[in-house]
Amino acid sequence: MSLPATLPTALFVTGTDTEIGKTAASTALLHALRRRGLRAVGMKPVASGSHDLGQGLRNDDALALQAASLPVPDYADLNPYALRQPLAPELAAAEDGVRIELSPIVAAFERLRAQADVVVVEGVGGWLAPLSAQLDQLDLVRALRLPVVLVVGMRLGCVNHARLTAQSLQASGVDCLGWIGNHIDPSMQRQDENFATLQQRLPMPCWGRLPHLPEAGGEALSTHLHDA
């Protein structure tokens with residue numbers, strides 16, 4: 001249960017649902033890559049729930065990715081679409097009068113890739129959450145030619161959610177490199193048994209198991225991506 005020895009120059013982090021720890025896993029990945037001596041930069045193409053901090057709209061997840069990146073990228077490249085309302089992207093964009101399109105995301109991604117050895121691109125919501133009426137996250141993954149890492153929020157129902165998401169990824173024809181378990185519910189019963197079931201049933205290797213540490217940052221969590 002560890003990160004593979006070699007990784008692609010960019011990857012896409014998706015999840016079984018919203019609020020299951022994609023950002024925690026993404027920042028942990030960034031720190032793990034940096035420990036290998038790689039220039040690792042995060043990206044959050046679309047972020048809902050943003051605030052005006054005096055320099056334009058900023059999203060907390062995107063800021064966490066920026067803080068975990070080295071070199072530190074321009075915010076506009078890291079998060080091309082910062083949307084005000086904490087809603088599904090399609091609805092949040094409509095509230096802001098914004099149309100989400102692939103071309104600005106692709107251009108920002110290329111700028112990030114030019115300054116980094118690896119770009120960790122974090123999706124929004126669960127895998128099948130659409131970006132707009134015309135765009136799914138699959139379209140973004142295909143446009144950027146990214147393999148996928150699946151984050152599984154460890155809570156009641158996670159086995160079903162994880163298997164359904166894995167089936168959708170397979171049916172889409174994308175390359176799913178691995179999965180990361182993230183313990184978001186400390187009261188979940190039979191945590192070890194559920195984790196073992198996922199290891200047996202998911203058709204991709206496990207990259208790690210993140211404990212329930214709400215105050216921990218990506219650097220601390222990154223050590224759990226290397227546990228044997």
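The structure under discussion appears in the preceding block.
Here we summarise the structure given alongside this text. (Residues numbered from 1 in each chain as written. Predicted model: local features only at pLDDT ≥ 70, side-chain atom pairs only at ≥ 80, totals over all residues. Heavy atoms only, no water.)

1. Some thoughts on the overall build of the protein chain
Here is step 1: When helices and strands are tallied, the protein chain shows nine helices and ten strands.
Here is step 2: The C-alpha atoms of the protein chain give 16 Å as radius of gyration, which agrees with the globular expectation for 228 residues (17 Å, within 12%).
Here is step 3: Principal-axis analysis of the C-alpha atoms places the extent of the protein chain at approximately 45 × 40 × 35 Å.
Here is step 4: Summarising the internal contacts of the protein chain: among those between residues at least 6 apart in sequence, 76% fall at separations of at least 24.
Here is step 5: Carbon and sulfur atoms make up 49% of the accessible area of the protein chain, which totals about 10,300 Å².
Here is step 6: Of the charged side chains in the protein chain, 18 are positive and 23 negative, and the gap between their average positions amounts to 6 Å. (Helix = DSSP H or I, 4+ residues; strand = E, 2+ residues; numbered from the N terminus. Rg over C-alpha atoms; globule rule 2.2 N^0.38 Å. Contact = heavy atoms within 4.5 Å. Areas by Shrake-Rupley, 256 points an atom, 1.4 Å probe, with all protein chains shown as cover. Lys, Arg positive; Asp, Glu negative; His and termini not counted. Charge placed at Lys NZ, Arg CZ, Asp CG, Glu CD.)

2. Quick word on the packing of aromatic side chains
Here is step 1: Counted by the stated rule, this structure contains two aromatic pairs.
Here is step 2: Relative to W127, the ring of F12 has its centre 6.3 Å away and its plane inclined at 70°; by these criteria the two rings are edge-to-face. Of this pair, F12 sits in strand β1 (residues 10–15) while W127 is found in the loop between β7 (118–122) and α6 (137–144), placing the two residues 115 residues apart along the sequence. The burial state of F12 is the same as that of W127; both residues are buried.
Here is step 3: Look at W179 and F195: their rings are 5.2 Å apart centre to centre, the planes differ by 45°, and that puts the pair in the tilted class. Remark: F195 occurs in helix α8 (residues 191–201) and W179 occurs in strand β9 (residues 176–183); sequence separation between them is 16 residues. As far as the burial class goes, W179 and F195 line up, both buried.
Here is step 4: One Lys or Arg, R58, reaches over the ring of Y75 and ends 4.2 Å from the middle of that ring.
Here is step 5: Here the basic side chain of R209 rests over the ring of F195, its NZ or CZ set 4.4 Å away from the ring centre. (Phe/Tyr/Trp six-rings, centres within 6.5 Å; stacked < 30°, edge-to-face > 60°. Buried < 20%, exposed > 50% of the residue type's maximum accessible area, 1.4 Å probe, protein only. Lys NZ or Arg CZ within 6 Å of the ring centre and 35° of its normal.)

3. Quick look at the packing of helix α1 (residues 22–35) against helix α2 (residues 60–68)
Here is step 1: Following both chains from N to C, one finds α1 and α2 inclined at 10°, their axes separated by 9 Å at the closest point. Taken together, the axis directions place α1 and α2 in an arrangement best described as roughly parallel. Contact residues: T23, S26, T27, L30, H31 and R34 in α1; D61, A64, L65, A67 and A68 in α2.
Here is step 2: When the residues that make up the contact of α1 with α2 are grouped by side-chain class, the tally is five nonpolar, four polar and two charged. (Axes fitted to C-alpha atoms, helices over the stretch in contact; angles between N-to-C directions. Parallel < 35°, antiparallel > 145°, perpendicular 65-115°, else oblique. Nonpolar A, V, L, I, M, F, W, Y, C, P; charged D, E, K, R; others polar.)

4. Let's talk about the pattern of salt bridges
Here is step 1: Going through the model one piece at a time under the given rule, you end up with seven salt bridges.
Here is step 2: Notably, a salt bridge pairs K44 with E122, separated by 2.8 Å at the nearest N-O pair. In this pair, K44 sits in the loop between β2 (40–43) and β3 (46–48) while E122 sits in strand β7, placing the two residues 78 residues apart along the sequence. The pair formed by K44 and E122 is uniform in burial state, with each residue classed as buried.
Here is step 3: Across the salt bridge formed by R113 and E110, the nearest N and O atoms sit 2.9 Å from each other. Of this pair, R113 and E110 are both found in helix α5 (residues 102–115), three residues apart, which corresponds to roughly one turn of the helix.
Here is step 4: You can call R113 partly exposed: its relative accessible area is 32%.
Here is step 5: On the basis of relative accessible area, E110 is assigned to the partly exposed category, the value being 37%. (Salt bridge = Lys/Arg side-chain N within 4 Å of Asp/Glu carboxyl O.)

5. Here's the deal with the pairing of β9
Here is step 1: Of all eight residues making up β9, seven are buried, and the element is well covered by its neighbours.
Here is step 2: When strand β8 (residues 148–154) meets β9, the two strands line up parallel, connected through seven bridges. Bridge pairing in β9 links L150 to W179.
Here is step 3: Read from β8 through helix α7 (residues 158–172) to β9, the crossover connection turns out right-handed.
Here is step 4: Relative to strand β10 (residues 206–210), β9 runs parallel, the two being bridged by four bridges. Note on β10: the bridge partner recorded for I180 is G208.
Here is step 5: Taken together, β9, α8 and β10 form a β-α-β motif whose crossover is right-handed. (Pairing = 2+ DSSP bridges. Right-handed = clockwise from strand over helix to strand, strands pointing away.)

6. Overview of α1
Since the α-helix advances by 3.6 residues per turn, residues separated by three or four positions end up pointing in the same direction.
Here is step 1: Taking 1.5 Å per residue as the helical rise, α1 with its 14 residues ought to reach 20 Å, and the 20 Å between its terminal C-alpha atoms agrees with that figure.
Here is step 2: Within α1, eleven of the 14 residues are buried, leaving the element largely enclosed by the surrounding structure.
Here is step 3: Where α1 is concerned, the buried positions are K22, T23, A25, S26, T27, A28, L29, L30, H31, A32 and L33.
Here is step 4: Two residues or fewer past α1, G37 is found with a positive phi of approximately 85°. (Expected span 1.5 Å × (residues − 1).)

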